[in-house]
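Structure assessment
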Amino acid sequence: MRELRRSTRSRRLLNELTMDSGEQVLQQAIATITQSDPLVKLLQQVRLGRMKPGDTGLLAVTESWLTTYRKVVATEGLTRQSLKRLDPAPRIAVLIDAGIVRADHPAVTALQVNFEQAFAHASD
């Protein structure tokens, strides 16, 4: 019984059961974005010079992540407060500063537009 109480899975389940649905949606959104986030590992490779900002593989991973981010932003049930926590602007700025994408890249502009639309239509 003690092992069950201490297990990560049981704690996660307990947390999910005690969260309201809006918080659950937000936590799932954060987990989805984080899972495919290129900033954690790949940006460090660029900074160390092991990858070039214009590397085709890096751009493909980044575009995939931006697409995932767009889908997450469109998730039903996200409030304005939740969307403020998911604001892609700081992460996009880091990608632009590193030279991985440009501000006018189609995936970047699409994410920004989708985020603004979701924010405008979200409930308080």
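See the structure shown above.
What counts and what doesn't
Residues numbered from 1 in each chain as written. Predicted model: local features only at pLDDT ≥ 70, side-chain atom pairs only at ≥ 80, totals over all residues. Heavy atoms only, no water. Helix = DSSP H or I, 4+ residues; strand = E, 2+ residues; numbered from the N terminus. Expected span 1.5 Å × (residues − 1). Buried < 20%, exposed > 50% of the residue type's maximum accessible area, 1.4 Å probe, protein only. Arc of directions from axis to C-beta. Polar contact = N/O pair within 3.5 Å; in protein donor to acceptor, adjacent residues only side chain to side chain. Contact = heavy atoms within 4.5 Å.

This part takes up helix 8 (residues 106–121). Taking 1.5 Å of rise per residue, 16 residues should cover 22 Å, and helix 8 covers 22 Å from first to last C-alpha, within 8% of that figure. Of the residues making up helix 8, those classed as buried are Ala107, Val108, Leu111, Phe115 and Ala118. Looking straight down helix 8, one finds that the buried residues subtend no more than 100° of arc, so they occupy a single side. Away from its buried face, by an angle of more than 90 degrees, helix 8 presents the exposed residues Pro106, Glu116 and His121.

Turning our eyes to something else, we now look at the side chain of Thr62. Looking at where Thr62 falls in the secondary structure, it is placed in helix 5 (residues 56–73). A distance of 2.8 Å separates a polar atom in the side chain of Thr62 from the backbone oxygen of Leu58. The residues contacting Thr62, other than those within four sequence positions of it, are Pro38, Leu95, Ile100 and Val101.

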